Every structure is written in C-alpha cells, then in structure tokens.
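Below are the chains, spelled out letter by letter.
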Amino acid sequence: MSSATQEQTETKEATASLTQANSWKGLLIQPIVLLVILGVMFWWMSTADLTETERITLNASYLSTLAWEHLKLTIISAVIVLVTAIPVGILLTRGPFRKLTTPVMALANIGQAAPPVGLIVLFAFWLSFGTTAAIVTLVVYAFLPVLKNTMVGLEAVDKRTIEAARGMGMSPGMVLWKVELPLAVPVMLAGIRTALVLLVGTATLATFINGGGLGLLITTGVNLALDRVLIFGSLLVAVFALAVDWIARVIETAVTPKGL
Amino acid sequence: MPNSTADHNSSTGNKVAFNPSMTEITGATILLENVTKSYGAKKAAVNQLTLEIPAGKTVMFVGPSGCGKTTTLKMINRLIEPTSGRIVINGEDVTTMNGDELRRRIGYVIQAGGLLPHLTVGANVGLVPKMLKWDKQRIADRTDELLELVSLDPEIYRDRYPKELSGGQQQRVGVARALAADPPVLLMDEPFGAVDPITRQRLQEELIHVQAELHKTIVFVTHDFDEAVKLGDWIVIFNEGGKIEQYGTPEQILAHPANEFVEDFIGSGAGLKQLGLTRVRDVDIRQAPAFTVGEDAATAVAHMNEAGVLRAIVLDSRDRPIGWVTRRQLERMTTVGAAHARQFPVVSDSATLDDALDTMLVAGSSDAAVTGSRGAYQGIITVQTVIKAIDHISADPEEVSTPVGHNTGAIPKLATGENGVISYAMDEEETATEVENDSAPWAEHSDPAETHRGSERA
Ligand SMILES: Nc1ncnc2c1ncn2[C@@H]1O[C@H](COP(=O)(O)OP(=O)(O)OP(=O)(O)O)[C@@H](O)[C@H]1O
Ligand SMILES: [Mg+2]
C-alpha cells in the first residue's frame, strides 16, 4: 500500500475518533446543566416563602409521587410503542407487506396530526377516565416517528450490501438481524428519541382525564392561579424531557455500530 | 460438490483429472442446462441458455449492457431463481436445494466488495466460516491467511472497518471473503469496475496469481473486453437475452470472431488486443549491460566497449534498476554511480505486452527495463520486440481446438452416450434425454484448452 493511502486512512481514523470524543463531551454537559437547574429549583422550593396552598403541591414527597406517575406513563407507553411500531415498520419493508405501507402510514399520520388534547378526551369517553386512556393516547401519538424511522432506516440500507449478504448465504432472517437492523439503528434511535421526548411532554395531558403525572402541577397552577406552581411544574416537565432526551442520546452513541 | 462445505482443504470431491501437470484443481464444473429467466411477460432476460463452465477455469462473461450477464451469473448461486432449466455443479443438481446453503459453498464478489460496513475486515472475511460453524481459532487463522493472500497485512487491516480502507483494498477484502470457506466456485460481477485503472491492473494481476495458486472455477462478468482477454481462459460473448454469440478462448475469439456482432464487440485492433494475451516473460528480453552501484567504472567501460554499446543500466545493491548512464558518463567516474542516471520505465515480467507498450509510450521511451520477483533486473524490452510479437501473433493464428462449452442459439440437446458420457449434440433432431448426474460424468470430459493455455497461467 502506498504511504499516501495510509496517511489518508489514518486521517480518517483520527477524524472519526475526534468526532466521537466530541459527541461524548457534548453528552456530558447536558446532564450537568440539568442537575444544576434541578438543584436550583429545589433549593428555591425549600427556601422560598410559599403559601399553604402552594405547599400542598410543592413538597418533595408529593412531587416524587407525581414524577413517578409521569415516568410510569412515559415508560409504559414507550415500551408499547417500541414493541408495536418497530415490528410493524420491519414488516412493512418486507416483500409481500410493502403494499400496506400507504394505508398504515396514513393511519399513523392521523394519529400524530390529531391534537392530543382532543384524542385523550375521546379515548377517555370511550375507555373510561384514567391511566389506560392516557396510555392509549400516548401510544397513538408517538407511534408515527418510531414507525417512520424504522422504515426509513431499513430502506436506507444499501441494497448491494444486502445482496452481498444474501450472496454469502445469509438467510433473510439473518440479513435482517445481522445486517439491516444494525445498519438502521442510528436512524431508528433518532425516531425513538423523538418519540420519547414527545411522550414526556404529552404525558402532562393525562391529568385532564385523571391519568396522573406532572401535568397536575400545571392544571393546579392554572386553575388556582398559582403562578409559581405553574412555572415550577412546567420547568420540571422540561427538565424531565431533556433528561429523557439525554438518556436516549447516550444509548444512541453507545449502540451505534462503530464502522458507520 | 459433496463435501465442500466445511473442510477447506479437501478437493471438494472433484474427481476431474483435468490437469495433471498442475496442482490440484479445487474448482467444480458448472453446467447450465437450458436455463431461462423471464421477468413477467416481457422477452426473457436469459433465454434457453446451455453453458458448460469447466472446472478450475476462469470464464469471462462479456456483452452489451442488459444482455443478461448478471442474471446468468446470479442464477448459478440462485440469487435469481431460473424460470426453467437446471443448474448442475459437479454433477449435483442444485436447482432445488436450499439456496442459502448453496450460496455458502459459492464465493460471490460484487463491485466495491459489498463489505458489511459495521463489521471489521476480519469479521467480514470470517462471515461464511462462522455460518459454517468453524471454531474460532480456525476462523482467525483462515482470516489471516486470506488477508495475506490478497496482500493485506493482517496485523494492520484485520481490525479496521471497511470505510477505513481504500477502494482497491476493500475490493481485495471482498475477494478474500469470497474465498474464506474455500468454495470451488467464485462468481464475480464486475468486481473491478469501481476502481481506477492502475489499481484495476494491479487487482487483475493479483487475481491471476491467486488463481494460479488455487485453481477455482471463476465466472467473471465484465464490461471490459481487454479485461476478459487478460483474465479469461474462456470468454463468452453474450447478446440480448443471454444469447451466446461466441464461446471460445481469447485467442480463438480474437483470431476468428464468429460473426459481425463479435467483431463489432471486439472493436478495431484485434491484433493489438492480442498483446493482452502475451506476457513480457514470454517474449525475447534483450540483455543490456548492467552494473551495480559501486562497481569499478573502468571495468564497466571495458565491458561496454567489448559489447559495442553506448549505454548501460545502473542497479542498486538489491539488483533493482535505477536508470541509464552513458559510456561517456561512466568514463568520468571511478566507481559506478547513479548520480547522473536517466530515469526510464520499468515493467514487471508478468505484465502483458499491452501494459508494457502502454508504459513505454506514456514514458516516451522506446524501451523499458524488465524486472522479475522483488523488482530484480531481468533485461530490457523494446517497442520493436512488441511489434515483432504482433507480427508473430497475426501470422500464426493458434491451433483451433474445439471449444469445451456450447451455447444454444439453436438449443443443442444433451445426450447421454453409451458409456454414460454426456455429449452435446448440435443435431436438433436428436431427442433430449434427461441426464443422470449422480455418476459425475464430467470426470470423463477433457479440456482441450489446457494444451495451449495451461502453461501460461502456471
Ligand atoms: N428484477 C428485474 N425485473 C425486471 N427485469 C429485470 C430485472 N433484473 C433484470 N432485468 C432485465 O433483464 C435483462 C438482463 O439484465 P442483467 O442485469 O442480467 O444485464 P447485464 O448483462 O448484467 O447488464 P449490465 O452490463 O448493464 O450489468 C435486462 O434487460 C434487465 O432490464
Ligand atoms: Mg450486470
């Protein structure tokens, strides 16, 4: 090999490791900032001169109950979205099921385009008020980004790579698991991250139908004109969403195949 | 190919005694029997093709775009399922067996290597052995062995990812990967189409070396007729619909194009193209005086006077040519030095005359130094030598031996002879007989091409 090509590949490697180092550094800053914000919020809560009514909501034990409810809503709906949207996405990129792509995408689009406030109320009347209706709404709402990115990620895999894999004697299943999915992972994870952030935000609506979660702080703040509760609640949801975003990005960085 | 799957050193059960003078042939005979592939109602992409590909040979598929080369190639490993007809490899009908298992026994190389980008070079090469459940150590050993075979240092490249390699290196890994489980058959679809001409030339020469060592059956699709001449033992020229226009050795096709289509396809300068068939080592290499740096200059001058020449070649301490010096320059030196040496072109003795001529013309020189292994000086080749070779070629069309393969523009019928030997009968009245392959009748077949091609590839 000529020294020129060697140099070239070495530079390539150097750039690769550089960008990797950069992305890890970026990943470190976000949680630090979030922790600082959270620290300031709780320091303010414990020192501020709060009224009795404000104290009812703004206290550590009540907040942790709400946060836990919120987390549960998010996680349960996220898991349901993942185990449904990913398989559907895979299926729609397989030969005989390709024809179904258009109708399924249309449905998923409706799910996302419909305002979630309306959806959640409709589902509540249909399924009774409570957590179940909230989760159904969240699943419907976050289904599209995961489905779409699964399909886009799989379709973007170079057809010649797939053919080479088939040509070496991999079965279609092996090609899916060992080639297509690993190569689609970055795009799929981007969709999952979008979905998670959507879920955290949208889960605040659960409170309208007695579904629980941090949304209660916001409704309480609005209904009782408690600005400080309202702001505190909104901030908390934002921090929560950013934290979820961060976790998803860590996973993304960790599981993206190295050769890409 | 009964036992070709795992045991990479076995001869894949090939009993064919094609070539006693060479090392064992690991390749397998491939037979396409009246194979058709049609997509929908359109005219068939490949129509009633019957083609024998002899074991241990390199058969090149050439033809205009869309004529069905890739389709034919992919029907051999059944990436494309034939609409009708049979594919028989070493006597075994593989038309209905499990396609994935079949493909694990056949090497497959495509343009740009088709490497899996998320796996290291080593993992790419070890893919098929892993599917065949070899143990780890054996896979690791085999991987290193193959990387070395394709001139990549395993220490450096084993753990790299494909994107960290140049195009030519990726292509080499592609070849190594295809050879990993020691398949008897290698299918290559325009493998060198995506690399620059210089790299392509090197990869071609490497393939020739690899093939000289391994004797696989190689089916190689190319757009480039010169490549076909350079690499092929046999060339199939296809027309639209997988119609074979001519099947013969490069010599036969160049000397006796079957029809106008073939003539047009070869293009002008068939004589010149034959230069691609002859290697520098096969022609007269002239000896010119050569002196190693540091030798006594006076003795050198004396030698030159004796030989009556005005120029001599200066070699470095490892016998590699550095350049020309004139007698007058030498007279002014005490020991032979390279300070005033004039650069001149160098060609390897395994280069084709075509490449040698190219090198000389590009360098604007009427001669070039010839080097052998490790770049050691062998002699010089001149433009005159090459021109003489052209005269020789066109004056002496090589003996025309019966081609081993046939095509069916007119669908020849397969017939089983008295002693079970299959022969092709061009006679259309003869009724087609279903062939029993179990007895591996190809063992009886002989390859006439051997007589005049074998020595060259050795
Ligand atoms: N999947 C397919 N569906 C329909 N037609 C096809 C398909 N694949 C190939 N064909 C047609 O079959 C014919 C032969 O194609 P093939 O790929 O074998 O050509 P080729 O000789 O390899 O050409 P090239 O030199 O351009 O690679 C072409 O006319 C092509 O349009
Ligand atoms: Mg092709």
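These numbers were taken from a predicted model, which means no experiment stands behind them. Here the residue index of a chain counts from 1 through its sequence in written order. Whichever chain is written first is A, and whichever ligand is written first is 1; the rest continue in order. Residues qualify for local features only when their pLDDT is at least 70, as the model is predicted, and side-chain atom pairs are given and counted only at 80 or more; totals for whole chains, interfaces and linings, by contrast, use all residues. With hydrogens and water stripped out, all remaining heavy atoms of the structure feed into the side-chain values.

1. A closer look at the packing of helix α3 (residues 60–92) of chain A against helix α8 (residues 172–202) of chain A
Residues and elements named next belong to chain A.
Inference 1: For the pair α3 and α8, the least separation of the axes is 11 Å and the interaxial angle reads 145 degrees. As α3 runs across α8, the sense of the crossing is right-handed. Two secondary-structure elements touch here, α3 through His70, Thr74, Ser77, Ala78, Leu82, Ile86 and Ile90 and α8 through Leu176, Leu181, Met188, Ile192, Leu196, Leu199 and Val200.
Inference 2: Each residue gets one label: Ala, Val, Leu, Ile, Met, Phe, Trp, Tyr, Cys and Pro are nonpolar, Asp, Glu, Lys and Arg are charged, and the others, such as Gly, are polar. Residue classes in the contact of α3 with α8 are distributed as eleven nonpolar, three polar and no charged. Axes here refer to lines fitted to C-alpha atoms; in helices the fit is confined to the stretch in contact. Angles between the N-to-C directions go from 0 to 180 degrees. Secondary structure elements follow DSSP: runs of H or I of four or more residues count as helices, runs of E of two or more count as strands, with numbering from the N terminus. Rotating anticlockwise by less than a right angle from the far helix to the near helix defines a left-handed crossing, while the corresponding clockwise rotation defines a right-handed one. A contact between two residues is defined here by any heavy atoms of the two lying within 4.5 Å.

2. With respect to the sheet that holds strand β15 (residues 367–371) of chain B
In any sheet, the strands associate via hydrogen bonds between backbone groups, in a parallel or an antiparallel arrangement.
Residue and element names in this part refer to chain B.
Inference 1: Should DSSP find at least two bridges between two strands, the strands are taken to pair. Spatial strand order, β14-β15-β16: three strands in an open sheet with mixed pairing. Only two strands of the sheet have a single neighbouring strand rather than two, namely β14 (346–348) and β16 (377–382). This sheet shows a mean twist of 35 degrees between the axes of neighbouring strands, independent of strand direction.
Inference 2: In this structure, β14 lies alongside β15, joined through three bridges in parallel fashion. Across the sheet, the residue bridging to Val347 is Val370, located in β15.

3. Some points on a nonpolar patch on the surface
Inference 1: On the surface, A:Ile32, A:Val36, A:Val40 and A:Trp43 cluster together into a nonpolar patch covering about 440 Å² of accessible area.
Inference 2: On the basis of relative accessibility, which here comes to 48%, the residue A:Val40 falls in the partly exposed class. Like charges within 9 Å and nonpolar side chains (Val, Leu, Ile, Met, Phe, Trp, Tyr) within 5 Å are joined into patches, using only residues over 30% in relative accessible area that form no salt bridge. For the area figures, the Shrake-Rupley method with a 1.4 Å probe applies, and any residue is considered shielded solely by the protein chains shown. Only one rule defines a salt bridge in this text: a Lys or Arg side-chain nitrogen within 4 Å of an Asp or Glu carboxyl oxygen. Summary of the burial criterion: residues with accessible area below 20% of their type's maximum are buried, those above 50% are exposed, and those between are partly exposed, where the area comes from a 1.4 Å probe applied to protein chains only.

4. With respect to the sheet that holds strand β13 (residues 321–326) of chain B
Residues and elements named next belong to chain B.
Inference 1: Across the sheet, which stays open at both edges, the three strands sit in the order β11-β12-β13 with mixed pairing between neighbours. Among the strands making up the open sheet, the edge pair consists of β11 (290–292) and β13. Along the sheet, successive strands turn relative to each other by an average axial angle of 35 degrees, direction set aside.

5. Quick word on the domain arrangement of chain B
Residues and elements named next belong to chain B.
Inference 1: Segmentation of the chain into domains, including their bounds, is taken from an automatic or database domain assignment. Domain annotation for chain B reports domain 1 (2–275) and domain 2 (280–394).
Inference 2: Inter-centroid distance (C-alpha atoms) of domain 1 to domain 2 is 38 Å.
Inference 3: On the domain 2 side, the residues contacting the six residues of domain 1 number nine residues.
Inference 4: Summed over both sides, the interface of domain 1 with domain 2 buries roughly 790 Å², with 63% coming from carbon and sulfur. In short, buried area is how much 1.4 Å probe accessible area vanishes from two parts on joining, totalled over both.

6. Remarks on the site of ligand 1
All names here are of chain B.
Inference 1: Any residue with a heavy atom lying within 4 Å of a molecule or strand is counted as near it. As a matter of local geometry, ligand 1 sits amid Tyr39, Lys42, Ala45, Ser65, Gly66, Cys67, Gly68, Lys69, Thr70, Thr71, Glu190 and His223.
Inference 2: Counting of polar contacts relies on pairs of N or O atoms within 3.5 Å, with two restrictions inside protein: one atom must be capable of donating a hydrogen and the other of accepting it, and residues adjacent in sequence are counted only when both atoms are side-chain atoms. In the environment of ligand 1, an oxygen atom lies 3.2 Å from a nitrogen or oxygen atom belonging to the backbone of Cys67.
Inference 3: Contact between ligand 1 and Thr71: an oxygen atom at 2.5 Å from a side-chain N or O atom of the residue.
Inference 4: Relative to its unbound accessible surface of 630 Å², ligand 1 loses 59% to contact with the protein.

7. Some details on the interface of chain B and chain A
Inference 1: Taken together, the contact between chain B and chain A spans 26 residues of the former and 27 residues of the latter.
Inference 2: Across the interface of chain B and chain A, roughly 2,400 Å² is buried in total on both sides, 59% from carbon and sulfur atoms.
Inference 3: The interface formed by chain B and chain A holds two salt bridges in total.
Inference 4: Residue A:Arg166 pairs with B:Asp100 through a salt bridge whose shortest N-O separation is 3.1 Å.
Inference 5: Breaking the side of chain B that touches chain A down by element, the ones donating at least two residues are α2 (99–104), β6 (106–110), α4 (127–131) and α7 (167–179) of chain B.
Inference 6: Here the residues of the side of chain B that touches chain A sort into 13 nonpolar, five polar and eight charged.

8. Comments concerning the UniProt feature "transmembrane region" (unreviewed entry) in chain A
All names here are of chain A.
Inference 1: UniProt positions are given in the numbering used here, feature names are shortened, and annotations may be inferred rather than shown by experiment. UniProt tags residues 27–45, 73–92, 133–154, 198–217 and 229–248 as "transmembrane region" (unreviewed entry).
Inference 2: The distance from the first to the last C-alpha atom of residues 73–92 is 28 Å, and the span holds 100% helix and 0% strand.
Inference 3: Strand forms 0% of residues 198–217 and helix 40%; the C-alpha atoms that close the span are 19 Å apart.

9. Here's the deal with the pairing of strand β9 (residues 234–239) of chain B
Residue and element names in this part refer to chain B.
Inference 1: Burial of β9 is extensive: six of the six residues sit out of reach of the surface.
Inference 2: Taking every second residue as pointing to the same face, both faces of β9 are buried, with Trp234, Val236 and Phe238 on one and Ile235, Ile237 and Asn239 on the other.
Inference 3: Strand direction decides the pairing type here: strand β3 (residues 58–62) and β9, joined by four bridges, are parallel. Looking at the pairing, Val59 lines up with Trp234 of β9.
Inference 4: As judged from the five bridges shared by β9 and strand β10 (residues 243–248), these two strands associate in the antiparallel manner. Each bridged residue has a counterpart across the sheet, and for Asn239 the counterpart in β10 is Lys243.
Inference 5: Counting the residues in the hairpin turn of β9 and β10 gives three residues, including Gly241, whose phi is positive at 75 degrees.

10. A closer look at the pattern of salt bridges
Inference 1: Using the criterion set out here, one finds 25 salt bridges over all chains in the structure.
Inference 2: Salt bridges linked by common partners bring A:Arg193, A:Asp245, A:Arg249 and A:Glu252 together as one network.

11. Points about the packing of α7(B) against helix α8 (residues 197–214) of chain B
All names here are of chain B.
Inference 1: Following both chains from N to C, one finds α7 and α8 inclined at 20 degrees, their axes separated by 10 Å at the closest point. Relative to α8, the element α7 lies roughly parallel. Our pair here, α7 against α8, has a crossing hand that is right-handed. In this structure, α7 contributes Gly168, Gln171, Arg172 and Leu179 to the contact, and α8 contributes Thr199, Arg202, Leu203, Glu206, Val210 and Leu214. Oblique is the label for any angle not under 35 degrees, not over 145, and not in the 65 to 115 range, which are roughly parallel, roughly antiparallel and roughly perpendicular in turn.

12. A word on unusual backbone geometry
Residues and elements named next belong to chain B.
Inference 1: Residues other than glycine seldom take positive phi values, yet Lys133 does so here, at roughly 65 degrees.
Inference 2: If you trace the backbone, Lys133 turns up in the loop between α4 and α5 (136–149).
Inference 3: Here the phi dihedral of Asp319 falls at roughly 70 degrees; this positive angle occurs in a residue that is not glycine.
Inference 4: When you line up the elements, Asp319 lands in the loop between β12 (311–315) and β13.

13. A short note on the packing of aromatic side chains
Inference 1: In this scheme Phe, Tyr and Trp rings, the latter by its six-membered ring, pair at centre separations within 6.5 Å, and the angle between planes marks the pair as stacked below 30 degrees, edge-to-face above 60, and tilted otherwise. Applying the stated criterion across every chain, the model contains nine aromatic pairs over all chains.
Inference 2: Residues B:Trp234 and B:Tyr247 carry aromatic rings whose centres are separated by 5.9 Å and whose planes lie at 70 degrees to one another, so their mutual orientation is edge-to-face. Here the residue B:Trp234 occupies a position in strand β9, and B:Tyr247 occupies one in strand β10, the gap between them amounting to 13 residues. We note that B:Trp234, like B:Tyr247, is buried.
Inference 3: Taken together, the ring pairs in this structure connect A:Phe42, A:Trp44 and A:Phe232 into an aromatic cluster.
Inference 4: Seen from the ring of B:Trp134, B:Arg138 lies directly overhead, with NZ or CZ sitting 3.7 Å from the centre.
Inference 5: Look at NZ for Lys and CZ for Arg. If either is within 6 Å of the ring centre and within 35 degrees of the ring normal, a charge sits over the ring. Above the plane of the ring of B:Trp324 lies B:Arg311, whose end atom (NZ or CZ) is 3.8 Å from the centre.

14. Topic: the environment of A:Ala238
Inference 1: Counting through the fold element by element, A:Ala238 comes out in helix α10 (residues 227–255).
Inference 2: A relative accessible area of 37% places A:Ala238 in the partly exposed class.

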